[in-house]
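So the chains spell out like this:
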Amino acid sequence: MAELPKLLKVTIDNITVEVEAGTSILMAARKIGGDVVPPAMCYYSKLKDSGGKCRTCLVRVAAGSAADPRPMPKLVASCRTNVMDGMVVENITSPTVLEARKGVVEFLLINHPLDCPVCDQAGECDLQDLSYQHGAEATRYEFKRRTFERIDIGPYIQLHMTRCILCFRCVYVADQISKEREHGILDRGDHSQIATYIQESLENQFIGNVIDVCPVGALTDRTFRFKNRVWFTKPVDAHRDCPTCTAKVRLWMRGDDVLRVTARKDQWGEVEDWICNECRFEKKQTSDWTIEGPTSVDRHSVISAGHYKGIQIPKEPFDELMGRKPKLMMDIHKVSEVNKVDLNEINGPATGKTFNGNPHASGINVTDVKEGKGRNFAGTDSTNPNTP
Ligand code: SF4
Ligand code: FES
């Protein structure tokens, strides 16, 4: 009988798990799940050699192994460090790790524009989530951000390098999934950029998958750009008979319109089955697909905002208590005095102009002192709280 592989014990944030030799700390943490799992912006378990670029997955190794329990001198990238038997790892239990992650996010945001309101990736962007969790409110960067022109690479994909964080995932997809590498990262340091050089189009049947692996909005689907916000769409799982791929997809629908087709993603945001360009870009009719049912969306995701699976309509307590619909409802606006108060006559908090040294002082806010219609004595618009 073949000998079973030896399992290694690793403790991450005080939770012990057994994994096979050769497992990375990140994958061991995924086995535990929950908050213990470090974020990953460049690692992709389905892409060979990915990881080690973004440093968001840094963790502290408090004990290297049972045989050598010394801590590792520096924080390590959990996606590229394999576990040892008896290893002790700290992720969210280490203030040093959290501080370092905040620094990494600040670095990633040095050149990345804060254009979430107009970016198609908003609502499903890993960097957006990361900056909400670990980002600082302001940047210390004083220099000009690097910017690039948008480039249409082929009929279906648009590259906006300004948003790229150089994670290399799309390059690995082109290398490993499409097997026809046509683009890569050119130049070094601040000049690095994803390019097809002479703007060759990426036309391979599976190249559309670069859109799904891109953790930010640098590679977007031209057939979906600016059509809708993702949280207004309803994702449903569907499939079809396709000679090229498994065709197990997610349709992003608004009413009966299929606005976008993507691959299905797992709980780590990774594609489950790569899909072909025909399924992704050309099958936009409901009749092209067999619909399986609504996608399960994590309730923490903004996409769940418009989601209808398992929805519970709240009961009307009055109807239930009275056993019938109430006949009379009071109109609060008719009887309340609140709506008759002129808000301009209420003293606001003391301002720079009215503060007299008394910390409890109150005063008329200068922006409320009206002279003429909608103007204060400074001549600015008094109805706008941001004007002086
Ligand atoms: S375009 Fe997207 S997937 Fe490609 S390197 Fe940049 S961020 Fe990564
Ligand atoms: S996910 Fe580990 S370095 Fe990027």
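Above this text is the structure in question.
The structure presented is a predicted model; accordingly, all values stated were derived computationally and were not measured.

## Side note on the pairing of strand β11 (residues 234-239)
Bridging between β11 and strand β12 (residues 248-254) involves six bridges; their strand directions are antiparallel. Within β12, the position partnered with D237 by the bridge is R250. In this structure, β11 lies alongside strand β14 (residues 290-294), joined through four bridges in antiparallel fashion. Within β14, the residue paired with A238 across the bridge is I291.

## Focus on the environment of D256
Among the secondary structure elements, D256 is positioned in the loop between β12 and β13 (257-263). The class of D256 is exposed, set by a relative accessible area of 66%. Between the C-alpha atoms of D256 and Q285, which are 29 residues apart in sequence, the distance is 8.6 Å.

## Re the sheet that holds strand β6 (residues 151-153)
On the basis of which strands lie adjacent, the open sheet formed by three strands has the order β6-β7-β10 and antiparallel pairing. Where the open sheet ends on each side, the last strands, each with one partner, are β6 and β10 (219-221). Taking each pair of neighbouring strands and ignoring which way they run, the sheet shows an average axis angle of 35°. Strand direction decides the pairing type here: strand β7 (residues 157-159) and β10, joined by three bridges, are antiparallel. Among the inter-strand pairings, Q158 is bridged to a residue of β10, identified as T220.

## Some remarks on helix α4 (residues 169-176)
Since there are 3.6 residues in each turn of an α-helix, residues three or four apart along the chain are aligned in direction. With six of eight residues buried, α4 lies mostly within the body of the structure. Restricting attention to buried positions, one finds in α4 the residues R169, C170, V171, Y172, V173 and A174. As for α4, its buried residues are in contact with α3 (126-134), β8 (184-186), β9 (193-195), α5 (209-213) and β10.

## Points about the sheet that holds β14
With antiparallel pairing, the four strands of this open sheet are ordered in space as β13-β12-β11-β14. The strands lining the two open edges of the sheet, one partner per strand, are β13 and β14. When strand polarity is set aside, the average angle formed by the axes of neighbouring strands in this sheet is 35°. Examined bridge by bridge, β12 and β13 share six bridges and lie antiparallel to one another. Its bridge partner lying in β13, L251 is registered against V261.

About the cut-offs
Residues numbered from 1 in each chain as written. Chains lettered and ligands numbered in written order. Predicted model: local features only at pLDDT ≥ 70, side-chain atom pairs only at ≥ 80, totals over all residues. Heavy atoms only, no water. Pairing = 2+ DSSP bridges. Helix = DSSP H or I, 4+ residues; strand = E, 2+ residues; numbered from the N terminus. Buried < 20%, exposed > 50% of the residue type's maximum accessible area, 1.4 Å probe, protein only. Axes fitted to C-alpha atoms, helices over the stretch in contact; angles between N-to-C directions. Contact = heavy atoms within 4.5 Å.

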